[in-house]
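So the chains spell out like this:
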Amino acid sequence: MSTALPVTSTSRASQPSLAVKVSGSGRTGPIAANTVLAGTTLSLFGISWDIQWHVDVGPDTFFTLSHLMLYSGSAVAGIASLAMVLIATAAQRAGRPVDQFPGGKPVRVLGGVFRAPLGYLITGTGAALFLLFGLLDLWWHSLYGFDAVLDSPPHIGLFLSICFTMVGSVIVFAAARHTRWGRAGVIVSVPVLIVFSPITTKAFGALPLPVEPDLVGNVLFSTLLLILGTLTIGRRITALTIAAALGALQLVLWWFSPWAARVYADATGLPLRDNLGDDPPELPSEIPVFMLLAAATITALLWLSRKRGWSGRIAPQIMGAGGGAVIGLSLPIQSALLGGSGPASAELLKMTAVGLVTGVLAGYLAARLAVLLREHSTASATKGR
């Protein structure tokens, strides 16, 4: 598999002179893609609210508004995905070409009964799994009552299924990366996945590891997705744009999560915990705040790799090492700035080393995933618009 870095060009001459009409792409493509993105964003806000509820108020039951927001997000994404699968299937049965259908190249499902665009197949699968794990969570609540922890088996299953849906959303937009709405969707959907994906590492929290799993997950997913978005779109400032979008999302979640938890507590007549201080909101404070610096490092290394002609086989790993080291070093500093104890020199060195190693792995994976995303693009023959 070739991992050559994409060539960046903003010249009009580099674009195809004629646009190829993509079957079903008119308004259906961006409407469906943005509906899926709205669903995943709704799920993200729901989980941030729910985590903050556990911090500010305490255990909860299955039927709460934060859970409803979480479940509604997966339902919205799942319904939109099902609609696109049915539209693609109907187009094929009507004899219309579906090879360039929005959402990724269609694949055969159930022996060819359905034709599902790859991105929507993954988002729909994630939504279906979420439903199954949601039923398991309801059963879990019926056995144990209040829910006090994040890393229960049903919750881990729910988190993984939501990640599936978010990954599918990135694939859907990446398939249309030669359109404005496709590029914009990648820049927004990647930060949503950056925020949510480290939550899945809570499953390893009880293991006696030298480094907290969520810190490693933060470095891995942040670096991987920054590089993935950059190589998929193929523009120099992509990493910086993604980091800026992530910062904006962090600010909104920083305000929303404690506000929603406290307003809902007042509405239901439940008191806040007695020992609440001025701690920052739980999930937003775990998002790396120095991502713009990491993105600048990745952007500089990408520019240097093209100027020096570095091999596409090693350049992504170098980018990953640089970005990962910045993120790894920044996490203990961020913790101290938000009220934690000042990091010791040994802690800073350890997290920098973790960032370097994890970043190399992230760069390696990002390069190969970017090749897959670009090869499955359904808009590679269309003119950017």
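Please read all numbers here as calculations on a predicted model, not as lab measurements. Residue indices follow the written sequence of each chain, beginning from 1 at its first position. Given that the model is predicted, a residue must reach a pLDDT of at least 70 before its local features are reported, and side-chain atom pairs must reach 80 or more before they are shown or counted; all residues, however, enter totals for whole chains, interfaces and linings. Hydrogens and water are ignored here; the side-chain numbers use all heavy atoms of the structure.

Engineer: Could you give an account of the pairing of strand β2 (residues 114-117), with specific residues and numbers?
Structural biologist: Only strands joined by at least two bridges in the DSSP assignment are considered to pair. Secondary structure elements follow DSSP: runs of H or I of four or more residues count as helices, runs of E of two or more count as strands, with numbering from the N terminus. Looking at chain direction, strand β1 (residues 106-109) and β2 are connected through four bridges and run antiparallel. Its bridge partner being in β2, Arg108 is matched across the sheet by Arg115. Taken together, β1 and the strand that follows it, β2, pair antiparallel across an intervening segment of four residues, in which Leu110 is found at a positive phi of about 55 degrees.

Engineer: Which residues make up the layout of surface pockets, and what are the values?
Structural biologist: Approximately 830 Å³ is the volume found for the largest pocket. With a 1 Å grid spanning the protein atoms alone, the term cavity applies to any set of points in which a 1.4 Å probe fits but cannot get out, the term pocket to an open set with protein on both sides within 12 Å along at least five of seven lines, and the term lining residue to any residue with an atom within 4 Å of a point. If you trace the largest pocket, you find 36 residues lining it, with Glu282, Ser285, Glu286, Ser335 and Leu338 closest to the centre. Listed by contribution, the elements that provide at least two residues to the lining of the largest pocket are α1 (28-56), α5 (180-196), α6 (213-233), α7 (238-268), α8 (282-286), α10 (315-337) and α11 (345-375). Grouping the amino acids of the lining of the largest pocket by side-chain chemistry returns 17 nonpolar, ten polar and nine charged. Grid points are joined across faces, edges and corners, and a volume is the space filled by probe spheres set on the points. Note that Gly is not counted as nonpolar here; it falls among the polar residues with everything else outside the nonpolar set of Ala, Val, Leu, Ile, Met, Phe, Trp, Tyr, Cys and Pro and the charged set of Asp, Glu, Lys and Arg.

Engineer: Provide a residue-level description of the environment of Met69, including the pertinent values.
Structural biologist: With respect to the element layout, Met69 can be found in helix α2 (residues 65-93). Here the alpha-carbon distance between Met69 and Gly46, two residues 23 residues apart in the chain, equals 5.0 Å. In what follows, residue pairs with any heavy atoms lying within 4.5 Å of each other are defined as contacts. If we ignore the near neighbours within four places in the chain, the residues touching Met69 are Leu42, Ser43, Phe45, Gly46, Trp49 and Phe256.

Engineer: Please provide a residue-by-residue account of a nonpolar patch on the surface, values included.
Structural biologist: Taken together, the side chains of Phe63, Leu131, Leu132, Leu135 and Leu138 present a nonpolar region at the surface, about 550 Å² in accessible area. By the element assignment, Leu132 lies in helix α3 (residues 118-144). In this analysis, a patch consists of residues with relative accessible area above 30% that form no salt bridge, clustered at 9 Å for like charges and at 5 Å for the nonpolar side chains Val, Leu, Ile, Met, Phe, Trp and Tyr. Values of accessible area rely on a 1.4 Å probe in the Shrake-Rupley scheme; residue burial ignores everything except the protein chains shown. For this analysis, a salt bridge means a side-chain nitrogen from Lys or Arg found within 4 Å of a carboxyl oxygen belonging to Asp or Glu.

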